[in-house]
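Each chain, letter by letter, is given below.
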Protein chains: 2
Amino acid sequence: MPRTHSRRPALVHPDTGDIDLQDVLRALADPTRLTIVRTLRTDPERACGTFPVDVAPSTLTHHFRVLREAGVIRQREDGTRRWTALRLEDLDIRFPGLLDAILTAYAYANAADGTTHEQADD
Amino acid sequence: MPRTHSRRPALVHPDTGDIDLQDVLRALADPTRLTIVRTLRTDPERACGTFPVDVAPSTLTHHFRVLREAGVIRQREDGTRRWTALRLEDLDIRFPGLLDAILTAYAYANAADGTTHEQADD
DNA sequence: TTCGTCTTACGACTAACGTCGTATCATCGT
DNA sequence: ACGATGATACGACGTTAGTCGTAAGACGAA
């Protein structure tokens, strides 16, 4: 009688030591996914449906899986919702300073000019 | 009578301020291209054919173009050869610390375990 | 000029990716 | 028990990306 998240697919997360740089870079090389990660840096944890990206739910699920399997985010279940968080510490252990450099780079470049892309900047 | 590189296609390089983070991440998210960049950090400038990657020449040209148009490398012509160099300073102006974080991440992760991929490590 | 070398351009093929619609499943509230 | 909600799985589609072979261009040497 497990009452919460009993027989769901089980959310695969790679171990910190197994996170692959290529996977992380590929995961972050997509505008939608980078927006997700940027959002997550501000809000530590968020429900799936609450991200400021305008794609279909199934597409969003796909992006979450890419990020999750790359080791960038961690997802946990709570009732009918799935909460998503950045694996900040794990990433910093595996690739010190990398995620921060990328997020800072985004902010820095967008402060200098606004011509990058304005997906979900509101 | 221009004697060097007279009517070649003219090598398009984006201005430093136009370098796009998404493009850089996408460019670096490929094993072959990351190997090129890693090689370039050690050797400041190299001829095209001298990179330790085993792909067809035309494929190599393709990767050089991706890196060049992303603003990661700069290429200049000298006779029949084309020399390639990293745009270290430009990238550091545009995205401070980013390239170094990525290259350091690669070295760091590969020092911990050798299971990433060994393309051209000899 | 002629040849050989270095590099690219072009076209083609295949695999991977981003996108979506629909169906399904688990959970919570009534 | 029933319906509504949040999220996923699956299958499909079009586009992009990585790969190669072949042809062609520019340069240097003989």
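Details of the structure are given in the entry above.
Residues numbered from 1 in each chain as written. Chains lettered and ligands numbered in written order. Predicted model: local features only at pLDDT ≥ 70, side-chain atom pairs only at ≥ 80, totals over all residues. Heavy atoms only, no water.

**A word on the pairing of strand β2 (residues 73-78) of chain B**
Phase 1 of the analysis: Of the two faces of β2 of chain B, the one holding Ile73, Gln75 and Glu77 of chain B is buried and the one holding Arg74, Arg76 and Asp78 of chain B is not buried anywhere.
Phase 2 of the analysis: Between β2 of chain B and the antiparallel strand that follows it, strand β3 (residues 81-86) of chain B, lie two residues; Gly79 of chain B among them carries a positive phi value of about 65 degrees. (Buried < 20%, exposed > 50% of the residue type's maximum accessible area, 1.4 Å probe, protein only. Helix = DSSP H or I, 4+ residues; strand = E, 2+ residues; numbered from the N terminus. Pairing = 2+ DSSP bridges.)

**Side note on the relation of the copies chain B and chain A**
Phase 1 of the analysis: Placing chain B over chain A gives an RMSD of 0.0 Å and needs a rotation angle of 180 degrees, together with 0.0 Å of translation along the axis. Such a combination of rotation and displacement between the chain copies is what one expects of a two-fold axis.
Phase 2 of the analysis: When the interface residues of chain B are mapped onto chain A, 100% of them again lie at the interface, so the same face is used by both copies. (Least-squares fit on C-alpha atoms with pLDDT ≥ 70 in both. Contact = heavy atoms within 4.5 Å.)

**Some remarks on the pattern of salt bridges**
Residue and element names in this part refer to chain B.
Phase 1 of the analysis: Within the structure shown, the criterion is met by 12 salt bridges over all chains.
Phase 2 of the analysis: One salt bridge in this structure joins Asp43 and Arg46, with 2.2 Å as the shortest N-O distance.
Phase 3 of the analysis: Take Asp43: its relative accessible area is 26%, and that puts it in the partly exposed class.
Phase 4 of the analysis: Measuring nitrogen to oxygen at the nearest pair gives 2.6 Å for the salt bridge that ties Glu77 to Arg82. (Salt bridge = Lys/Arg side-chain N within 4 Å of Asp/Glu carboxyl O.)

**Side note on the interface of chain B and chain A**
Phase 1 of the analysis: Facing the 27 residues of chain B at the interface are 27 residues of chain A.
Phase 2 of the analysis: When chain B packs against chain A, the two sides together hide about 2000 Å² of surface, and 62% of this comes from carbon and sulfur.
Phase 3 of the analysis: At the junction of chain B and chain A, the tally comes to zero salt bridges.
Phase 4 of the analysis: Between the two partners, chain B and chain A, sit four residue pairs in polar contact (both at pLDDT 80 or more).
Phase 5 of the analysis: Residue assignment for the side of chain B that touches chain A shows that the elements contributing at least two residues are α1 (21-28), α2 (31-42), α4 (88-94) and α5 (98-112) of chain B.
Phase 6 of the analysis: Among the residues forming the side of chain B that touches chain A, the class breakdown is 17 nonpolar, five polar and five charged. (Buried area = accessible area lost by both parts, 1.4 Å probe. Polar contact = N/O pair within 3.5 Å; in protein donor to acceptor, adjacent residues only side chain to side chain. Nonpolar A, V, L, I, M, F, W, Y, C, P; charged D, E, K, R; others polar.)

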